[in-house]
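Here's the letter readout for the chains.
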Amino acid sequence: MNDQCLSCQAVETDLKLTGSYHPRCSRKLFGTARPPKVPFSTPDIAVEAQKMVGRMSISGIQPKLSLIHERKSHQMTVVETGGSYILKPQTERFESLPENENLCMCIASACGIAVPSHGLIPLSDGRLAYLVKRFDRLEDGSKLQQEDFQQLLQTNDKYKGSYEQIANVIRKYSDVPGLDLVELFERALLNYVLGNGDAHLKNFSLIKEENIGYHLSPVYDLVNSRLVLPEEREEMCLSLQGKKNRFSRKDFIKLAKHFELTNKQSANALLRLHDIKPAIENMIAESFLNESLKDRFLEIYRKRMERIFG
Ligand SMILES: Nc1ncnc2c1ncn2[C@@H]1O[C@H](COP(=O)(O)OP(=O)(O)O)[C@@H](O)[C@H]1O
Ligand SMILES: [Mg+2]
Ligand SMILES: [Zn+2]
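Bear in mind the structure is a predicted one, so any value in this text is a computation, not a measurement.

The rules behind the values
Every residue gets a number counted from 1 within its own chain, in the order that chain's sequence is written. Chains and ligands are labelled sequentially in the order written, the chains with letters from A and the ligands with numbers from 1. It should be noted that, the model being predicted, local features are given only for residues of pLDDT at least 70 and side-chain atom pairs only at 80 or more, the latter also being counted only at that level, while totals for whole chains, interfaces and linings use all residues. To obtain the side-chain values, all non-hydrogen atoms of the structure were used and water was disregarded. A donor here means any N, O or S atom no more than 2.8 Å from the metal (3.2 Å for Na, K and Ca); water is not included, so a site may seem to lack partners. Counting from the N terminus, the helices are the DSSP runs of H or I reaching at least four residues and the strands are the DSSP runs of E reaching at least two. To sort residues, take the accessible area from a 1.4 Å probe on protein chains only and compare it with the maximum for the residue type: under 20% means buried, over 50% means exposed, and anything in between is partly exposed. Strands are labelled as partners when DSSP assigns at least two bridges between them. Fitted lines through C-alpha atoms serve as axes, helices being fitted only where they are in contact, and the angles separating the N-to-C directions of these axes extend from 0 to 180 degrees. In what follows, salt bridge is the name for a side-chain nitrogen of Lys or Arg lying within 4 Å of a carboxyl oxygen of Asp or Glu.

J.: What exactly am I supposed to notice about the coordination of the magnesium ion (ligand 2) here?
T.: Ideal geometry at a metal gives 109.5 degrees between four tetrahedral donors and either 90 or 180 degrees between six octahedral ones. With distances of 2.1 to 2.3 Å, the protein atoms coordinating the magnesium ion (ligand 2) are Asn 203 (OD1) and Asp 221 (OD). You can see Asn 203 sitting in the loop between helix H6 (177-193) and strand E9 (205-209) and its partner Asp 221 sitting in the loop between strand E10 (213-216) and helix H7 (225-228), a full 18 residues away along the chain. Given a relative accessible area of 22%, Asp 221 falls into the partly exposed group.

J.: It is not clear to me how the pairing of E9 should be interpreted in this structure. Could you clarify?
T.: The two faces of a sheet get side chains in turn, since along a regular strand they alternate between them. Examined bridge by bridge, strand E8 (residues 146-148) and E9 share 3 bridges and lie antiparallel to one another. Within E9, the residue paired with Gln 146 across the bridge is Ile 207. Where E9 lies against E10, 4 bridges are found, and the strand directions are antiparallel. Paired with Lys 208 across the two strands is Tyr 214, which belongs to E10.

J.: It is not clear to me how the pairing of strand E5 (residues 85-88) should be interpreted in this structure. Could you clarify?
T.: With burial as the criterion, each face of E5 is covered, one bearing Tyr 85 and Leu 87 and the other bearing Ile 86 and Lys 88. Note: strand E3 (residues 65-70) against E5, 3 bridges, orientation antiparallel. In the strand pairing of E5, Leu 65 is matched with Leu 87. Sheet topology note: the E5/strand E7 (residues 128-133) ladder contains 4 bridges and is antiparallel. Looking across to E7, one finds that Lys 88 is bridged to Tyr 130.

J.: Help me understand the sheet that holds E3 in this model?
T.: Reading across from one edge, E4-E3-E5-E7-E6 is the order of the 5 strands in this open sheet, with antiparallel pairing throughout. Two strands lie at the open edges of the sheet, namely strand E4 (75-78) and strand E6 (118-122), each paired on one side alone. If you compare each strand with its neighbour and ignore which way they point, the axes differ by 40 degrees on average. Of the strand pairs in this sheet, E3 and E4 are connected by 4 bridges, and their pairing is antiparallel. In the strand pairing of E4, Ile 68 is matched with Thr 77.

J.: Looking at this structure, how should I read the pattern of salt bridges?
T.: Opposite charge on two side chains allows them to pair when their charged atoms are near. According to the stated counting rule, one finds 18 salt bridges in the structure shown. The partner of Glu 260 in a salt bridge is Arg 171, with the nearest N and O atoms 3.6 Å apart. Here Arg 171 lies in helix H5 (residues 163-173) and Glu 260 lies in the loop between helix H8 (249-258) and helix H9 (263-275), a separation of 89 residues in the sequence. On the basis of relative accessibility, which here comes to 61%, the residue Glu 260 falls in the exposed class. In this structure Arg 171 comes out as partly exposed when scored by relative accessible area, which is 30%.

Below is the structure:
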C-alpha cells in the first residue's frame, strides 16, 4: 500500500514510513525516527491559543501554539515560554491552511530557499495541523537575535513597504548582503508565483547567527493566500517597482537591477524557476489539498508563471 510522508509529501510504500513520516524526515523535525503524539485536539487549540494571547513571544494573526517535544513521553506539550516549535491548526476562516502552508514550504525548499524543518501532524481529533521548528532557538534553549522588517524600518503599518526598502535595509545591516539580495529576489518571485499576497514586512526578518552575523532568516508564513481569498485585491502586498498588481518579467528584471544583481544572477534565478515548473506542478498535484483546491492552486501558479515566462 502507498502512504505519503507528512513532512516532505513524497509518496512511498508504507514500509518506508513510520507514523506517516520518513524516519529521516521525522529525525530532522523531532530528533526521533518516529513522530511524537499530540495529546490535544483542534478545538482545544482555540481555547489554549486564547489563553496565550499576549503571553507568547510569537505574535501573528492566526491562532497558534508554542510547543516542545517531551522526549520521555514522546509527546508534544504546550508551553508558555521556551517553545521550540510553532503549531498552526486548521481554522474556520481559511480552508486547509496547514496543507497549504506545508505545500508552499516544500516548494520553497525544492527551489533552494532556506526553510526551517516543517511537517503536518495529526491532532487527537485526527485533523492535521502545521508544525514548524523555530529557527531562532538553539538546541540548548538559547535564543538568536531576530528583528522583522517592520521593526527594522520603524513603521507601524506592516503593509506599507516595498521590496526595494527591504533591500536597502539588507544593504545596511546584513553581514552577507550579496547572498541576501539574491535570496530576496528569489523570494519575491516565489511569493508571486505561489499567490502569496500576505508577504508583509513582519513576514521577513534578519537573524543573527554566530558564524555568519546578521542575515535574512529562513522563510516563514508562506501560503497561497489567493487560494483562500480569491477576492484579494492585490497580487503582492509589498510593492515592487511601485506596483502591487499586473507584474511581468520586466518588473522582476528591474527589481534585480535595483538589487544590483549581475545579469547572470537574475537570469539564473529565472531559469531555475522556469525549469522547476514540472516538479512543482507535480508537488501541487500530490499535495494534501483536496482535488478542487489542487486545481485552483495549479491554475493560480500557471497563470503567474505565464506572466513571467509567457
Ligand atoms: N520557524 C520559525 N522560527 C522562528 N520564528 C518564527 C517561525 N515561524 C514564525 N515565526 C515568528 O512567529 C511570528 C508568527 O508566525 P507566522 O507564521 O507569521 O504566523 P501568522 O500566520 O499568524 O502571521 C512570525 O512573525 C515570526 O516572527
Ligand atoms: Mg505572519
Ligand atoms: Zn519525508
